[in-house]
Amino acid sequence: MQESSRKVRFSHIGISLAESETIYGILNGTFHVLEEDQEIFFTDAGVAGSIKFSFPYPFSDPFFDLFSEGWYQIKHVLKDMKRRRNKDLEVQFYFDGLLRDEGVVHFGLIFQLKNLNQHEFEMAIEKIEYQVDTITMELFKKREGGPTSTYAYNAAKRRWIRQNEPDETCAGGNVKHEC
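The rules we used
Residues numbered from 1 in each chain as written. Predicted model: local features only at pLDDT ≥ 70, side-chain atom pairs only at ≥ 80, totals over all residues. Heavy atoms only, no water. Core = buried A, V, L, I, M, F, W, Y, C linked by side-chain atoms within 4.5 Å. Buried < 20%, exposed > 50% of the residue type's maximum accessible area, 1.4 Å probe, protein only. Contact = heavy atoms within 4.5 Å. Salt bridge = Lys/Arg side-chain N within 4 Å of Asp/Glu carboxyl O. Helix = DSSP H or I, 4+ residues; strand = E, 2+ residues; numbered from the N terminus. Pairing = 2+ DSSP bridges.

1. A look at the nonpolar core
Then step 1. Counting 43 residues, the largest nonpolar core has F53, F55, L78 and F93 as its most contacted members.
Then step 2. With near-sequence residues (within four places) excluded, F53 lies in contact with R9, F10, I23, L27, I74, L78, V91, Q92, F93 and Y94.

What follows is the structure, encoded as structure tokens:
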């Protein structure tokens, strides 16, 4: 049963029809979905596929409460897709800000998974929903950034790291300016 009229964008490149239908079905169980197949733009032979989710909701516990069963299913499907590929599967989750004092602070909050092996990918995707309090505190403590904050999973540190901060490292462990 769909909970909101706000549309979740689901765009993908390089995934099978069955995979896109499965993900669409999971998302459509809770949200109205706008699907964008961008296969004509797929040119990177080093990537086995790319999936982007754009949720018009703040990154918050109420989001994960609303989408709890669907979130579990999406994680399972993505981990299985990564397992079946020998190349990189890129995944991006976009959220519309954070909750603060019962209101929404709107800005782009992006989580990127790329250049990760199977184990790192699974660890990263399992940790996203548990980052709500940490990221909320971090971003409101030092909210001088632009309209978007991007996080990538750092395998060496085993945690999500904000990418638009100097002296941080990217997913592969490289210094930010080398990414």
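2. So, the pattern of salt bridges
Then step 1. What the rule picks out here adds up to nine salt bridges.
Then step 2. When the shortest N-O distance is used, the salt bridge between E126 and K75 registers 3.0 Å. Note that E126 is positioned in helix α4 (residues 118-127) and K75 in helix α3 (residues 68-83), a separation of 51 residues in sequence.
Then step 3. One connected set of salt bridges, linked through shared partners, spans E19, D80, R83, R84 and R85.

3. Some details on the pairing of strand β6 (residues 148-154)
Then step 1. Counting buried residues along β6, six of its seven residues qualify, which places the element largely inside the surrounding structure.
Then step 2. Here strand β5 (residues 103-113) pairs with β6 via five bridges, running parallel. Directly across from I110, in β6, lies its bridge partner T150.
Then step 3. In the sheet, β6 pairs with strand β7 (residues 159-162) via four bridges, with the strands oriented antiparallel. When the bridges of β7 are listed, N154 appears paired with R159.
Then step 4. Hairpin connection, β6 to β7: the antiparallel pair is bridged by four residues, and R158 has positive phi, about 55°.

By themselves these figures say nothing about function.
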